Amino acid sequence: LGKSGTETLEMLKTAYKDDAMGKTPVFEWFSLLKNGEMSIDDKPRSGRPSTGRRHENVEKIREIIKEDRRRTIEEIVELSGVTWSTLSVRQFLTKNGMTPVPHPPYSPDLAPCDFFLFPRMKRDMKGKRFADVAEVKEKTTEALSSISKDEFRQCFEKWNKRLDKCISVSGEYFEGD
């Protein structure tokens, strides 16, 4: 588009008003995209290593399934302590003839917390400093309590329209309400 980072930020503020991204993430994305970085995948980062592929976890899941092959994924996760998203769990289930049911990708356009609740709370809390966690909890509770029943009703009406639109386009991407 030939715009600068500042112009891009202003365009986002004009379009999304109080719900626009902040300056820092806009400039970070702008810089990445300007430099040809087109991937939106997370980069590897330091931290606790994944434990899902460890031999003892695979064996634990194997034994749980051998005990009762009709267990649900939730039961396996609860009994094993290994999350379903862990690749080795999926591989093990697939290899043993159990078909994992695919879940649709997460869509913030269909999640009321993302398109209504968080932006609404951000409007009340943006730019404020808090002394401690207790104050954050207090102010969050106040912000939630200030949302009227009518606002929630409108949110769920909007949500139903979004769901209907998603169904009408067979889950394909669409813009706008």
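None of the values given here were measured: they were computed from a predicted structure.

Next up on the list: the overall build of the chain. Scanning the chain for helices and strands turns up 8 helices and 0 strands. Mapped from its N terminus to its C terminus, the chain presents α and β elements in the order α-α-α-α-α-α-α-α. Every one of the 177 residues in the chain was classed for burial, and the buried ones make up 20%. The contacts of the chain with a sequence gap of at least 6 include a subset with a gap of at least 24, amounting to 43%. Carbon and sulfur atoms make up 55% of the accessible area of the chain, which totals about 14,000 Å².

What follows concerns the nonpolar core. Ranked by size, the top nonpolar core spans 8 residues in total: Phe-115, Phe-116, Leu-117, Met-121, Met-125, Ala-143, Ile-147 and Cys-155. Tallying contributions element by element places helix α6 (residues 112-125) first for this core, with 5 residues. Sequence-distant contacts of Ala-143, that is, excluding residues within four places in its chain, are made with Met-121, Asp-124 and Met-125. Ranked by size, the runner-up nonpolar core spans 7 residues in total, among them Ile-61, Ile-64, Ile-65 and Phe-92.

Here we take up the packing of aromatic side chains. One pass over the structure, following the stated rule, counts 2 aromatic pairs. With centroids separated by 5.6 Å and ring planes inclined at 65°, the aromatic side chains of Phe-116 and Phe-152 adopt a geometry described as edge-to-face. Of the two residues, Phe-116 is situated in helix α6 and Phe-152 in helix α8 (residues 149-168); the sequence distance between them amounts to 36 residues. Judged by its relative accessible area of 13%, Phe-116 falls in the buried class. For the pair Phe-156 and Trp-159, a centre-to-centre distance of 5.5 Å together with 65° between the ring planes defines the contact as edge-to-face. You can see Phe-156 and its partner Trp-159 sitting in helix α8, 3 residues apart, about one turn around the helix. Positioned above the aromatic ring of Phe-27, the side-chain terminus of Lys-23 is 5.8 Å from the ring centre.

Rules used in this analysis
- Residues numbered from 1 in each chain as written.
- Predicted model: local features only at pLDDT ≥ 70, side-chain atom pairs only at ≥ 80, totals over all residues.
- Heavy atoms only, no water.
- Helix = DSSP H or I, 4+ residues; strand = E, 2+ residues; numbered from the N terminus.
- Buried < 20%, exposed > 50% of the residue type's maximum accessible area, 1.4 Å probe, protein only.
- Contact = heavy atoms within 4.5 Å.
- Areas by Shrake-Rupley, 256 points an atom, 1.4 Å probe, with all protein chains shown as cover.
- Core = buried A, V, L, I, M, F, W, Y, C linked by side-chain atoms within 4.5 Å.
- Phe/Tyr/Trp six-rings, centres within 6.5 Å; stacked < 30°, edge-to-face > 60°.
- Lys NZ or Arg CZ within 6 Å of the ring centre and 35° of its normal.

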